[in-house]
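Notes for the structure review
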Amino acid sequence: MAQGLNKVKRRIATVNSTRKVTNAMKLISSVKFRQAQAGYLTRKKYCDELQNVVDSVFTVASLTSKSCFLHEFEDQEKILYVVISSSLGLCGSYNYNIFRYFSSVYKKGDEVVPIGSKIHKFVSDDPDVIHHDDYVQILENITMGNARILARDLIRKYRVGNYKKVVLIYTKYLNQIATKVEELTVLPVPYNFIEHDANFAPDIETTIDDLTLKLTRKYLANLLFIKLNESYLSENSSRRNAMDNADKNAEELSEKLTIEYNKARQAAITQEITEVVAGSTSK
């Protein structure tokens, strides 16, 4: 009986120790979540306004230009994927959902730019996947400067004409308890065509092409910056929720084990009293 009590007591101590870890992780993730949310919401307003500019300029450009930033390379089948995961664990199904989605769209011959050590390991384990590893650690320092470097590199890779398009796979933030893996074609640049009548001078195409390139660089850098932040926000939201669930489960288990321990202890005391009484009676 004593051994059984000690075993339950050790389990209670282990669960309570685990609760300290999960609770600490939850608090840290909550702080990171609030910081990421504030930065994301502020930047999103700017990106929404920039999208309006892109819609207007690219609508005009589409009437005169054959720029690769407006049209896919239709003679190519290969896609360049930019996939954002986390570099840390303990975030529930966050990375698993990314792996599953990527596996569902990837086809042999496509190439990958992994961002985050988890997706890097995932693609590295498959010898058939060609991956470019220059930006694996970019999540450790999400800055506009790093986003510009990534944007220029993607534009350089795409303009050569080796890829049909460049697709970003990231985790969209829906609310504090829900996220969703999504894909977004970033090259050619996504834009909404605006219906209007316009006449252009014969030499306008050169000016439009130059403007399109400059705007593509600015737009893509801002888009990547906001999506990196959104994925980071989603990651910390997922981790906070995972640690909250783990903390609640540990609390429930601790309470259950405490009840079990108290019952066993009461039973042991009752048995001891019974044995004492029985011994006294037999005399």
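Going by the structure above, here's the rest.
Now for a look at the structure at hand. A quick note: this is a predicted structure, and the numbers were derived from the prediction, not measured.

Calculation rules
Residues numbered from 1 in each chain as written. Predicted model: local features only at pLDDT ≥ 70, side-chain atom pairs only at ≥ 80, totals over all residues. Heavy atoms only, no water. Helix = DSSP H or I, 4+ residues; strand = E, 2+ residues; numbered from the N terminus. Contact = heavy atoms within 4.5 Å. Axes fitted to C-alpha atoms, helices over the stretch in contact; angles between N-to-C directions. Parallel < 35°, antiparallel > 145°, perpendicular 65-115°, else oblique. Left-handed = near helix turned anticlockwise from the far one by under 90°. Pairing = 2+ DSSP bridges. Phe/Tyr/Trp six-rings, centres within 6.5 Å; stacked < 30°, edge-to-face > 60°. Buried < 20%, exposed > 50% of the residue type's maximum accessible area, 1.4 Å probe, protein only. Lys NZ or Arg CZ within 6 Å of the ring centre and 35° of its normal.

Another aspect to go through is the environment of Glu72. The residue Glu72 is located in the loop between helix 1 (2-62) and strand 1 (79-84) in this model. Taking the C-alpha atoms as reference, Glu72 lies 7.8 Å from Leu187; in sequence the two are 115 residues apart. Setting aside residues no more than four positions away along its own chain, Glu72 makes contact with Tyr158, Lys164, Lys165 and Pro188.

The next subject is the packing of helix 2 (residues 94-105) against helix 3 (residues 117-124). With their axes 10 Å apart at the nearest point, helix 2 and helix 3 run at an angle of 40° to one another. When the axes of helix 2 and helix 3 are compared, the pair comes out oblique. Relative to helix 3, the crossing made by helix 2 is right-handed. The residues of helix 3 that touch helix 2, namely those facing Asn95, Phe99, Phe102 and Ser103, are Lys118, Ile119, Phe122 and Val123.

Further remarks concern the sheet that holds strand 2 (residues 111-115). One open sheet accounts for five strands, arranged 3-2-1-4-5; its pairing is mixed. Looking at strand neighbours, the two that pair on one side only are strand 3 (130-131) and strand 5 (178-187), the edges of this open sheet. Two strands pair when backbone bridges link them, and strand 2 and strand 3 are joined in this way by two bridges, in the parallel orientation. The residue bridging Glu111 from the neighbouring strand is Ile130, located in strand 3. Together, strand 1, strand 2 and strand 3 form the strand contacts of helix 3, whose direction differs from that of strand 2 by roughly 150°.

Next up on the list: the packing of aromatic side chains. Aromatic rings in a pair are described by how distant their centres are and how their planes are angled relative to each other. In total, this model carries six aromatic pairs according to the counting rule given. Ring centres of Phe33 and Tyr173 lie 6.0 Å apart, and the angle between their planes is 55°; on these two criteria the pair is classed as tilted. Taken together, the residues Phe33 in helix 1 and Tyr173 in strand 4 (residues 165-175) connect sequence positions 140 residues apart. Since its relative accessible area comes to 13%, Tyr173 is described here as buried. Pairing Phe73 with Tyr158 gives two aromatic rings, centres 5.1 Å apart and planes at 65°, and the pair type is edge-to-face. Taken together, the positions of Phe73 in the loop between helix 1 and strand 1 and Tyr158 in helix 4 (residues 144-159) put the pair 85 residues apart, joining distant regions of the chain. Tyr158 gets classed as buried once you look at its relative accessible area, which sits at 0%. Joined through ring pairs, the aromatic side chains of Tyr81, Phe102 and Tyr106 make up one cluster. The side chain of Arg240 reaches across the aromatic face of Phe33, ending 4.1 Å from its centre.

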